[in-house]
Amino acid sequence: MTDHTFKPDIIVVGAGLSGMVAAHEAILRGRKVLMLDQEAPQSLGGQAFWSLGGLFMVNSPEQRRLGIRDSVELAYNDWMGSAQFDRPEDANPKLYAEKFIEWSAGGMRRWCFALGMRWFPVVGWAERGGADAQGHGNSVPRFHITWGTGTGVVAPFVKLVTDYAAAGSLRIAFRHRATELITTNGAVTGVRGDVLEDSLAARGHSTSRVVTGTFEHHAEATVLTTGGIGGNHDTVRAHWPVDRLGKPPSRMVAGVPDYVDGKMHGFAADAGAGLINEDRMWHYCEGVQNWNSIWPNHGIRILPGPSSMWFDAKGDRMEAPYYPGFDTLGTLKRILQAGEHSWFILTQKIIEKEFALSGSEQNPDLTDGGWRDVLKARLGKGATPAVEAFKKHGDDFVVADDLETLVAGMNKITPEAPVDLDHIRTQIRARDLQINNPFCKDAQITAINGARTYKGDKLIRTAKPHAILDKANGPLIAVRLNIVTRKSLGGLHTDIEGRVLTPKGDVLPGLFAAGEVCGFGGGGYHGYNALEGTFLGGCLFSGRMAGQNA
């Protein structure tokens, strides 16, 4: 229960990454903080705990050691080409993006390093783009995976808030669900809500919503860090940009726990807050149903290398730039033009070299281990144990020794949308004919060859080109891919100080926001497209801004 003798200067609603960062920065300024969260103590750290721990950093020592030449200018060009800001209300999101890019080129790494974070030395190359230097995508690898993955990013702040609580500068009220922002003379002056019954449910599992009491707390400032909408598919569909992406799929898997429900957006709007860019979202195309689920409808994203052949629901190979790892939003739109799912077809050699799964729990070598564990899992025989488990147990995986059996298995999974064996065979044979020379006309093979010029990709991420129908490279594998909900790119409109604005663009006194609830900064600092590593980074940056100013 909350200690009512504790009089906070600031209330932080949400005990996830951005909330802990905001509390840390506020306490450094001598402010007393009350942190509220509807979940139990075992869920401290929120959604970030489950992440892969990737951070977007520019011109880092890790990049330079791999011969990657990066700069603020190049990162800015990539970001703006991806964001495609085109609305009057994008002024604050754009300013947030500019400031974040500057911080990502030095300040972020120094700050995180001082807190104890370290990074895997091979920098990942995510979102490689749409084949236009002025368009979407990362020109160079920038995805820095933190040792410990998401748990390694969360851990320093868990220790900090635990120490602050022991010292008396912070109180954490778990199982306190905020349902209303209190306003006085047009300013936000506190928070009301429900006290929920205690829960022993493990992190990520659904918890009881039985109410045992109510609460009301007041403070000079309130910081909202309550996350996005990805766990609430009805809300996702309500905001889905049909004009840009087409009709939302009737079936999606959830990449986040069900407490990521977006309800605070409405409570903040009731108090006078403005919401912008709610139609901008970042959902992935490579989702598979978790065979060992933690939360309801639990989906895991495959992080593929560039070699799998990607087919739409009709069995047509998708054209450039809709290849694995290149253009998430463009590929999502392309998939939905043909159906609601898509297919990877690949070989055992490809899955061993290229498949990874997003999330801390799917990467124990990076989460809990060290170099020896990584080398054994990534360079040993077979795919990683987590990937092999999905291949064996996952409902979306088909494994076969020949194409006839593989396609029959695919059609058994999706009888409502069967693919034609001869059509699939013709497309794979045409692709296989392109690999016998170092030059070819197939854009995907050219991209694979280009990827292998990067040391990191050649070492652990991109398989040597080979014929898919050659039995020596088998068995064959098909994976049904579902849309997996993940991130909100819009939300509460904030200025660069983290202050929440009204629908007219005025400051709403007493209210601040950070993290996904404000589109990771400003109300959507990604614009339309994310460059990856910018979600955790956005939580860190916007949390700092809110905590330094609240």
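Look above for the structure.
What comes next concerns the included structure.

Moving on, we get to the sheet that holds strand β20 (residues 499–501). In spatial order, the strands read β5-β2-β1-β9-β21-β20; together these six strands make up an open sheet with mixed pairing. The outermost strands of the open sheet, each flanked by one partner alone, are β5 (170–174) and β20. The average undirected angle you get between the axes of adjacent strands in this sheet is 30 degrees. Two elements, β20 and strand β21 (residues 507–513), share two bridges in a ladder whose sense is antiparallel.

What helix α9 (residues 263–270) keeps buried is the set M264, H265 and A268. Down the axis of α9, the smallest arc covering the buried residues is 110 degrees, so these residues share one side. Exposed positions of α9 whose direction lies more than 90 degrees from the buried face are K263 and D270. Where α9 is buried, its residues touch β1 (10–13), β6 (176–184), β9 (221–224), β11 (275–276) and β19 (491–492). Phi turns positive one or two residues past the end of α9, at G272, with a value near 110 degrees.

A few words now on unusual backbone geometry. The phi torsion of most residues other than glycine is negative, and most of the peptide bonds are trans. Following A320, the chain continues to P321 via a peptide bond in cis, the omega torsion being 5 degrees. Relative to the helices and strands, P321 is located in the loop between β14 (309–312) and α10 (328–336). The omega torsion across G474 and P475 is 5 degrees, close enough to zero to call that bond cis. Locating P475 in the fold gives a position in the loop between α18 (455–460) and β18 (476–488). With a phi close to 55 degrees, N277 is a non-glycine residue in the positive phi region. Tracing the sequence through the fold places N277 in the loop between β11 and β12 (281–289).

For the rest of this paragraph, the subject is the packing of aromatic side chains. Under the criterion given, the structure shown has 21 aromatic pairs. Between the aromatic rings of W111 and F157, the centroid separation amounts to 5.7 Å while the plane-to-plane angle is 40 degrees, which identifies the pairing as tilted. Highlighted residues: W111 in helix α5 (residues 107–114) and F157 in helix α6 (residues 149–167), separated in sequence by 46 residues. Judged by relative accessible area, W111 falls into the buried class, the value being 15%. Classification of F157 by relative accessible area gives buried; the value is 0%.

Along the polypeptide, I68 turns up in the loop between α2 (61–65) and α3 (72–83). Separated by 10 residues in the primary sequence, I68 and V58 place their C-alpha atoms 10.0 Å from one another. Ignoring anything within four residues of it in the chain, the contact list for I68 reads Q63, V123, V140, P141 and Y454.

In spatial order, the strands read β6-β7-β8; together these three strands make up an open sheet with antiparallel pairing. Edge strands, defined here as strands with exactly one partner in the open sheet, are β6 and β8 (211–218). The average angle at which neighbouring strand axes cross in this sheet is 20 degrees, direction not considered. Inspection of the sheet shows β6 paired to strand β7 (residues 187–196) by eight bridges, in the antiparallel sense. Note on β7: the bridge partner recorded for L181 is V191.

Once that is clear, we can look at the packing of α3 against helix α4 (residues 91–104). Look at α3 against α4: their axes get within 10 Å of each other, and the N-to-C directions meet at 150 degrees. By the angle between their axes, α3 is roughly antiparallel relative to α4. Where α3 crosses over α4, the handedness of that crossing is right-handed. Side by side, α3 and α4 meet where V72, A75, Y76, W79 and M80 of the first sit next to K94, A97, E98, F100 and I101 of the second. Residue classes in the contact of α3 with α4 are distributed as eight nonpolar, no polar and two charged.

What follows deals with the nonpolar core. In terms of nonpolar packing, the biggest core is built from 95 residues, with L17, W79, F157, I302, V479 and L540 touching the most fellow members. Excluding residues that lie within four positions of it along the chain, F157 makes contacts with L17, M20, V21, W111, L115, M117 and L540. The next biggest cluster of nonpolar side chains, apart from the first, holds 25 residues, and it includes F6, I11, L34 and V500.

With that settled, the discussion passes to the pattern of salt bridges. Overall, the coordinates contain 29 salt bridges when judged by the stated rule. When the shortest N-O distance is used, the salt bridge between D70 and R142 registers 2.8 Å. Separated by 72 residues along the polypeptide, D70 in the loop between α2 and α3 and R142 in the loop between α5 and β4 (143–145) bring together distant segments of the chain. With respect to burial, D70 and R142 carry one shared label: buried. A salt bridge links E404 to R425, with the nearest nitrogen and oxygen atoms 2.5 Å apart. Residue E404 is found in helix α15 (residues 403–413), and its partner R425 is found in helix α16 (residues 421–432); the two are separated by 21 residues along the sequence. Residues joined in a network through salt bridges with shared partners are E62, R65 and R109.

A rise of 1.5 Å per residue sets the reference length of α16, with its 12 residues, at 16 Å; its end C-alpha atoms lie 16 Å apart and thus fit the reference within 8%. What α16 keeps buried is the set I424, R425, Q427, I428, R431 and D432. The buried residues of α16 occupy an angular sector of 165 degrees when projected down its axis, which confines them to one face. Exposed side chains of α16 directed beyond 90 degrees from the buried face belong to T426 and R429. Residues of α16 that are buried in the fold lie against β14, β15 (342–347), α15 and α17 (443–451). The backbone nitrogen of D422 has a side-chain oxygen 3.2 Å away, supplied by the residue at the start of α16, namely D420.

Reading the values: rules and limits
- Residues numbered from 1 in each chain as written.
- Predicted model: local features only at pLDDT ≥ 70, side-chain atom pairs only at ≥ 80, totals over all residues.
- Heavy atoms only, no water.
- Pairing = 2+ DSSP bridges.
- Helix = DSSP H or I, 4+ residues; strand = E, 2+ residues; numbered from the N terminus.
- Axes fitted to C-alpha atoms, helices over the stretch in contact; angles between N-to-C directions.
- Buried < 20%, exposed > 50% of the residue type's maximum accessible area, 1.4 Å probe, protein only.
- Arc of directions from axis to C-beta.
- Contact = heavy atoms within 4.5 Å.
- Phe/Tyr/Trp six-rings, centres within 6.5 Å; stacked < 30°, edge-to-face > 60°.
- Parallel < 35°, antiparallel > 145°, perpendicular 65-115°, else oblique.
- Left-handed = near helix turned anticlockwise from the far one by under 90°.
- Nonpolar A, V, L, I, M, F, W, Y, C, P; charged D, E, K, R; others polar.
- Core = buried A, V, L, I, M, F, W, Y, C linked by side-chain atoms within 4.5 Å.
- Salt bridge = Lys/Arg side-chain N within 4 Å of Asp/Glu carboxyl O.
- Expected span 1.5 Å × (residues − 1).
- Polar contact = N/O pair within 3.5 Å; in protein donor to acceptor, adjacent residues only side chain to side chain.

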